[in-house]
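Read off the chains here:
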Amino acid sequence: MAEYRSLLEELAQNITAEDLEQLKSACKEDIPSEESEAIATSHHWFAFLEKHNKLDRDNLSYIEHIFEISRRPDLLTMVVQYRTQVLKISEEDEVDTKLTRIPSAKKYKDIIRQPSEEEIIKLAPPPKKA
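Here is a short report on the structure shown in this document. (Residues numbered from 1 in each chain as written. Predicted model: local features only at pLDDT ≥ 70, side-chain atom pairs only at ≥ 80, totals over all residues. Heavy atoms only, no water.)

1. Observations concerning the nonpolar core
Core analysis: the biggest nonpolar cluster contains 26 residues, and Leu 11, Trp 45, Phe 46, Leu 55, Leu 60, Ile 63 and Phe 67 have the highest contact counts within it. When neighbours within four sequence positions are excluded, Trp 45 is seen to be in contact with Leu 20, Leu 23, Lys 24, Cys 27, Ile 31, Ile 39, Ile 63, Ile 66 and Phe 67. (Core = buried A, V, L, I, M, F, W, Y, C linked by side-chain atoms within 4.5 Å. Buried < 20%, exposed > 50% of the residue type's maximum accessible area, 1.4 Å probe, protein only. Contact = heavy atoms within 4.5 Å.)

So, in structure tokens, the structure goes:
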């Protein structure tokens, strides 16, 4: 739990007031506007996400998505490092977890997975024009 709190603290130190507005805007579907106005710091934002089950020490996919669409690779990198080093979850494991969390998505697991060399259809070269 200490690593999780230090991750949130490190993230908070790298989020300016302007960044916070952008992050809140990126998740406006999940934060009602009146509550959004009450969120004045990144600490408040994290607390709101935790309270609404969008964030906890074992589930960081929501903020990863928000950092990704907000074009904050620095923050995303911190979260991915925590996930791989502290939680020991690799990128491949994360795809499996996301797909099993969403029942209707299980059927898409094979589509997302990269095909092996044997599975790739080899196309013949186009016929030569006479």
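2. What to know about helix α2 (residues 17–26)
Side chains three or four residues apart in an α-helix point the same way, a direct result of the helix having 3.6 residues per turn. Residues Asp 19, Leu 20, Leu 23 and Lys 24 constitute the buried set of α2. Buried residues along α2 cover an arc of 135° about the axis, so they all sit on one side. Buried-residue contacts for α2 involve α3 (33–38), α4 (42–51) and α5 (61–69). (Helix = DSSP H or I, 4+ residues; strand = E, 2+ residues; numbered from the N terminus. Arc of directions from axis to C-beta.)

3. Describing the pattern of salt bridges
Once their charged atoms are close, side chains differing in charge can pair, the charge on each being opposite to the other. Following the criterion strictly, the structure yields six salt bridges and no others. Note that Arg 72 is salt-bridged to Asp 19, the shortest N-O span being 2.7 Å. Note that Arg 72 is positioned in the loop between α5 and α6 (73–85) and Asp 19 in helix α2, a separation of 53 residues in sequence. Note that Arg 83 is salt-bridged to Glu 64, the shortest N-O span being 2.9 Å. Here the residue Arg 83 occupies a position in helix α6, and Glu 64 occupies one in helix α5, the gap between them amounting to 19 residues. Each member of the pair Arg 83 and Glu 64 is classed as buried. Overlapping salt bridges, with partners in common, bring together Asp 19, Arg 72 and Asp 74 in one network. (Salt bridge = Lys/Arg side-chain N within 4 Å of Asp/Glu carboxyl O.)

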